[in-house]
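Chains, contacts and geometry: an overview
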Amino acid sequence: GAVVSQHPSRVICKSGTSVKIECRSLDFQATTMFWYRQFPKQSLMLMATSNEGSKATYEQGVEKDKFLINHASLTLSTLTVTSAHPEDSSFYICSAHPGGVRGWANEKLFFGSGTQLSVL
Amino acid sequence: GESVGLHLPTLSVQEGDNSIINCAYSNSASDYFIWYKQESGKGPQFIIDIRSNMDKRQGQRVTVLLNKTVKHLSLQIAATQPGDSAVYFCAENSGYSTLTFGKGTMLLVSP
């Protein structure tokens, strides 16, 4: 089955530093990738939609200058948390969609294993 | 931001019992629904899906029921096993490739 690799799985950083999280589709090309944030005991909240070769679309309330998304190739999207603060500590999850026409019959989202970010 | 004191609904069952996890969705225009299983510290894992032109779909040990009239979705797990312990989320597709996740239910299976 399709695999989405997310790295790193865990990162601890000091307040004010920037952290980059990578999301790779290993055996398919992903025209669209999604970034989610999940706080403890809560659901996944969509942060942004990353489209290869174009600017990401951010959900309401998500600061695009703080959460930089780059989708430079069909197999890699990165999320950079800039000037991280303790309130940014969360579980970040990416997912990838193979693309194609609308229709979900055979196309499902594939999720990465998540990145636990802890900002001290 | 995070809500203080928020906790997931929890369903506790004995090994071998059948489990039923419920979900209410919000968008009557959603046409595709998925159940995911999430173990601690991991990403969601696909379990089963259903399109809005169906009201029931069966997989291995799992069944999803869809009631569009009341916008309700359920996941039935037969002969629940300790390895089924996890948080279960329903998700609805309300736009091209955009999923909206439900709040989640924690399933605890006792041996």
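Reading the values: the criteria
- Residues numbered from 1 in each chain as written.
- Chains lettered and ligands numbered in written order.
- Predicted model: local features only at pLDDT ≥ 70, side-chain atom pairs only at ≥ 80, totals over all residues.
- Heavy atoms only, no water.
- Helix = DSSP H or I, 4+ residues; strand = E, 2+ residues; numbered from the N terminus.
- Rg over C-alpha atoms; globule rule 2.2 N^0.38 Å.
- Buried < 20%, exposed > 50% of the residue type's maximum accessible area, 1.4 Å probe, protein only.
- Contact = heavy atoms within 4.5 Å.
- Areas by Shrake-Rupley, 256 points an atom, 1.4 Å probe, with all protein chains shown as cover.
- Lys, Arg positive; Asp, Glu negative; His and termini not counted.
- Charge placed at Lys NZ, Arg CZ, Asp CG, Glu CD.
- Core = buried A, V, L, I, M, F, W, Y, C linked by side-chain atoms within 4.5 Å.
- pLDDT = per-residue confidence, 0-100.
- Salt bridge = Lys/Arg side-chain N within 4 Å of Asp/Glu carboxyl O.

1. Focus: the overall build of chain B
Secondary structure assignment for chain B yields zero helices and ten strands. When the helices and strands of chain B are read in sequence order from the N terminus, they spell out β-β-β-β-β-β-β-β-β-β. A compact globule built from 111 residues should have a C-alpha radius of gyration of about 13 Å, and chain B, at 14 Å, falls within 12% of that. Overall, chain B is about 40 × 35 × 25 Å in size when its C-alpha atoms are taken along their principal axes. Looking at chain B as a whole, 42% of its 111 residues are labelled buried. Taking the contacts inside chain B whose residues are at least 6 apart along the sequence as the reference set, 52% of them involve residues at least 24 apart. For chain B, the computed accessible surface area is about 5,700 Å², with 48% contributed by carbon and sulfur atoms. Charged side chains in chain B number 9 positive and 9 negative. The centres of these two groups are separated by 5 Å.

2. A closer look at the nonpolar core
Membership of the largest hydrophobic core comes to 24 residues, with the highest contact counts inside it found for A:W35, A:F67, A:L79, A:Y92 and A:L117. Contributing elements (two or more residues each) for this core: β2 (10-13), β3 (19-25), β4 (32-38), β5 (45-51), β7 (67-73), β8 (76-81), β9 (90-97) and β11 (115-119) of chain A. Counting residues in hydrophobic clusters, the runner-up holds 19 residues, among them B:I48, B:V64, B:L66 and B:A86.

3. Concerning the confidence of the model for chain B
Looking at chain B, the pLDDT average stands at 90 and 91% of residues meet or exceed 70. Of all helices and strands in chain B, the one with the weakest mean pLDDT is strand β9 (residues 98-101) of chain B (84), whereas strand β6 (residues 62-67) of chain B scores best (98).

4. Digging into the pattern of salt bridges
Under the defined criterion, the tally for this structure stands at six salt bridges over all chains. A salt bridge links A:E22 to A:R24; the nearest nitrogen and oxygen atoms lie 3.4 Å apart. Judged by relative accessible area, A:E22 falls into the partly exposed class, the value being 25%. With a closest N to O distance of 3.8 Å, B:K37 and B:E39 form a salt bridge. Under the relative-accessibility criterion, B:K37 is labelled buried at 13%. Taken together, the shared-partner salt bridges in this structure form one network comprising B:K37, B:E39 and B:K42.

5. Some remarks on unusual backbone geometry
At the junction of A:H7 and A:P8, the peptide bond is cis and its omega measures out at 0° in the coordinates. You can see A:P8 is positioned in the loop between β1 (4-7) and β2. With phi around 55°, B:K71 is a residue other than glycine that occupies positive phi space. Topologically, B:K71 is positioned in the loop between β6 and β7 (72-77). Classification of B:K71 by relative accessible area gives partly exposed; the value is 28%. Here B:A79, not a glycine, exhibits a phi torsion of approximately 50°, which is positive. Looking at where B:A79 falls in the secondary structure, it is placed in the loop between β7 and β8 (86-95).

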